[in-house]
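Spelled out, the chains give:
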Amino acid sequence: MSGAPFWRNHLGLMAAGSAAYAMSTLFSAMKPVLLTRFVEEVQFSESLAGLIVATPFVGIACAALCIRGWILRAPYWQIVALFGCLLTGTEFLSVFAYSNAWIVLVAQFLGGISVGILMGCTSRMIATTSTPDQLFGFVDMTAVLLMSFMVAGVGAAVQAYGLSGGYGFATALALVFVIVMLGHRPPTTLAPAHTSHAPLDVNWRPVLTVFMGMLFVTCSGLGFAYMFTLARELGMRYDDAGSYIGIILFFSALACQAGGWCSARYGSTRPLAAAFVTCAVGWYVAIHANAPWLFLAALIPATFSLQFNFPILLALCGSLDSQGRWAGIGTPLLTSGFAWAAITAGAVVERWDVEALAVATALGMTTCLLLLFITSRPPMAVLEAES
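Here is a short report on the structure shown in this document. In this text, all values refer to a predicted model and were calculated from it rather than measured experimentally.

This part is about the overall build of the protein chain. Helix and strand content of the protein chain: 15 helices and zero strands. For the protein chain, contacts bridging at least 24 residues in sequence account for 85% of all contacts bridging at least 6. Looking at the protein chain as shown, the accessible area adds up to about 15,400 Å², and 69% of this sits on carbon and sulfur atoms.

Attention now moves to helix 5 (residues 101–127). For helix 5, built from 27 residues, the straight-helix expectation of 39 Å at 1.5 Å per residue is met to within 8% by its first-to-last C-alpha distance of 38 Å. Among the 27 residues in helix 5, 22 count as buried, and that is most of the element. You can read the cap of helix 5 off the contacts: a side-chain oxygen lies 3.2 Å from the backbone nitrogen of tryptophan 102, and it is on asparagine 100.

Now for unusual backbone geometry. In this model, glutamine 43 sits at a positive phi of 55°, which is unusual for a non-glycine residue. Within the element layout of this structure, glutamine 43 appears in the loop between helix 1 (3–41) and helix 2 (46–63). Using a relative accessible area of 60% as the deciding quantity, one classes glutamine 43 as exposed.

Describing two packed helices takes the angle between their axes plus the distance from one axis to the other. The geometry of helix 10 (residues 269–287) relative to helix 14 (residues 356–376) is characterised by a closest axis approach of 9 Å and an angle of 175° between their N-to-C directions. If you check the angle between helix 10 and helix 14, you find them roughly antiparallel. Contact residues: Thr269, Leu272, Ala273, Phe276, Val277, Cys279, Ala280, Trp283, Tyr284 and Ile287 in helix 10; Leu357, Ala358, Thr361, Ala362, Met365, Cys368, Leu369, Leu372 and Ser376 in helix 14. Split into classes, the residues belonging to the contact of helix 10 with helix 14 amount to 16 nonpolar, three polar and no charged.

Below, the discussion takes up the pattern of salt bridges. Summed over the entire model, instances satisfying the criterion amount to two salt bridges. Two residues, glutamate 41 and arginine 37, come together in a salt bridge whose shortest N-O distance is 2.9 Å. In this pair, glutamate 41 and arginine 37 both sit in helix 1, four residues apart, roughly one turn of the helix. Owing to a relative accessible area of 26%, glutamate 41 belongs among the partly exposed residues under this scheme.

If you walk through the whole model with that rule in mind, you get four aromatic pairs. Ring centres of phenylalanine 27 and phenylalanine 57 lie 6.0 Å apart, and the angle between their planes is 75°; this geometry places the pair in the edge-to-face category. Of this pair, phenylalanine 27 sits in helix 1 while phenylalanine 57 is found in helix 2, placing the two residues 30 residues apart along the sequence. The exposure class assigned to phenylalanine 27 is buried, which follows from its relative accessible area of 4%.

As a further point, take the packing of helix 10 against helix 11 (residues 292–318). Where helix 10 contacts helix 11, the axes come no closer than 8 Å and their chain directions differ by 150°. Looking at the two axes, helix 10 sits roughly antiparallel to helix 11. As for how helix 10 packs across helix 11, the hand of that crossing is left-handed. Every residue of helix 11 that contacts helix 10 at Pro271, Leu272, Ala275, Phe276, Thr278, Cys279, Gly282, Trp283, Val285 and Ala286 is listed here: Leu294, Phe295, Ala298, Leu299, Pro301, Ala302, Ser305, Phe308, Asn309, Ile312, Leu313 and Leu316.

Rules used throughout
Sequence positions are assigned chain by chain, starting from 1 and proceeding in written order. Totals for whole chains, interfaces and linings use every residue, but because this is a predicted model, local features are given only for residues with pLDDT of at least 70 and side-chain atom pairs only at 80 or more, for both listing and counting. Note: side-chain values were computed over all heavy atoms of the structure, leaving out hydrogens and water. To qualify as a helix, a DSSP run of H or I must reach at least 4 residues; to qualify as a strand, a run of E must reach at least 2; elements of each kind are numbered from the N terminus. By the convention used here, residues are in contact when the closest approach between their heavy atoms is within 4.5 Å. Computed with the Shrake-Rupley method and a 1.4 Å probe, the accessible areas treat only the protein chains shown as cover for residues. Residue count minus one, scaled by 1.5 Å, sets the expected span of a helix. Three labels apply to residues, based on accessible area from a 1.4 Å probe with only protein chains included: buried if under 20% of the type maximum, exposed if over 50%, partly exposed otherwise in between. The definition of a polar contact used here is a pair of N or O atoms within 3.5 Å, where within protein one atom must be able to donate a hydrogen and the other to accept one, and adjacent residues in sequence count solely through side-chain atom pairs. Under this scheme, a helix contributes an axis fitted over its contacting stretch, all axes are lines through C-alpha atoms, and angles between N-to-C directions fall in the 0 to 180 degree range. Each angle is binned into one of four classes, with values under 35 degrees roughly parallel, values over 145 roughly antiparallel, values of 65 to 115 roughly perpendicular, and all other values oblique. Basically, the charged four are Asp, Glu, Lys and Arg, the nonpolar ten are Ala, Val, Leu, Ile, Met, Phe, Trp, Tyr, Cys and Pro, and anything else, Gly included, counts as polar. The salt bridge criterion pairs a side-chain nitrogen of Lys or Arg with a carboxyl oxygen of Asp or Glu, the two atoms within 4 Å. Between the rings of Phe, Tyr and Trp (Trp by its six-membered ring), a pair exists once the centres lie within 6.5 Å; its type follows the angle of the planes, with under 30 degrees stacked, over 60 edge-to-face, and the other angles tilted. For a crossing to be left-handed, the near helix must be turned anticlockwise from the far one by less than a right angle; the clockwise case is right-handed.

Listed below in structure tokens is the structure:
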């Protein structure tokens with residue numbers, strides 16, 4: 001397919017998908033800032049603060065169970081309007097209720113479900129196109145580019161107005177993203193190829209593939225959850241750290257498109273394996289850095305590997321069936337890895353220390369390599385036929 005038809009035919013879907021994914025990266029941008037700020041401003045424990053910033057991603061994971069029934073039959077604009085309003089409302093409520101742990105937990109959980117449903121719907125549409133690798137790479141790249149600005153923005157908002165400012169910043173951006181999504185007009189209720197009612201084929205290969213993606217996002221996010229804590233320990237301010245990290249994330253967005261291109265050109269196995277190793281090495285150096293410049297330099301391979309792998313993992317999920325159903329299920333589940341990252345990181349730091357996150361990351365990447373080897377092997381029936 002030539003470049004011109006690709007952009008012309010999918011421009012609306014690219015905008016809607018980028019907005020949906022940007023809602024998730026908004027949570028990611030807020031996570032390291034709010035995790036530290038909850039401890040400082042309202043004296044929450046490390047575990048409780050980690051649970052609060054992880055709750056939206058738990059909601060995103062639960063959304064995988066909701067993408068059925070009415071959601072598959074309803075018009076696209078109804079889905080976006082309903083869950084977009086729910087997301088905006090929950091973020092606005094958190095502006096005033098951030099000091100009440102129960103209220104903010106429920107609000108962020110509902111907001112996460114809303115984002116998961118919106119991501120799942122757009123992912124199903126992308127997975128059924130003729131160029132899913134490039135499209136996933138583009139929307140992920142755009143979302144990460146936006147996250148680089150959001151990290152700097154939320155850092156400045158929290159520095160000036162505390163937790164209330166951070167959630168106010170999230171409310172405004174959520175409203176903008178919903179408006180962008182409402183501008184897309186798909187030809188059908190959800191996606192053109194979603195007409196089969198055959199049961200989803202659930203076997204060990206897609207299950208392990210999705211689990212590998214969740215594990216990678218989880219372990220690659222352990223250090224991400226404490227980026228601002230590490231930066232503060234090295235003497236950096238919130239706004240300065242947010243600016244520098246935002247710049248790194250801005251350029252790491254290029255890795256998203258590179259990942260999509262490598263997946264389409266070379267397949268998924270070798271690019272994923274290389275990024276697993278790079279991620280482990282990058283976070284080990286960043287967590288043990290004793291100077292701001294070394295910490296920031298090590299963040300480059302650590303964050304680039306995550307952005308590189310994410311579109312590959314999404315396209316891999318999309319290839320598991322012809323109707324994009326595993327993409328719809330896998331997208332919120334992979335994104336939920338950021339939730340388990342915050343929860344696990346908080347527990348590890350509370351039990352041991354921040355440096356233990358480097359060991360946990362390395363163990364996770366080793367497990368991902370093993371799962372990649374298992375899932376990339378041809379099925380036994382294929383091997384027998386070839387022999």
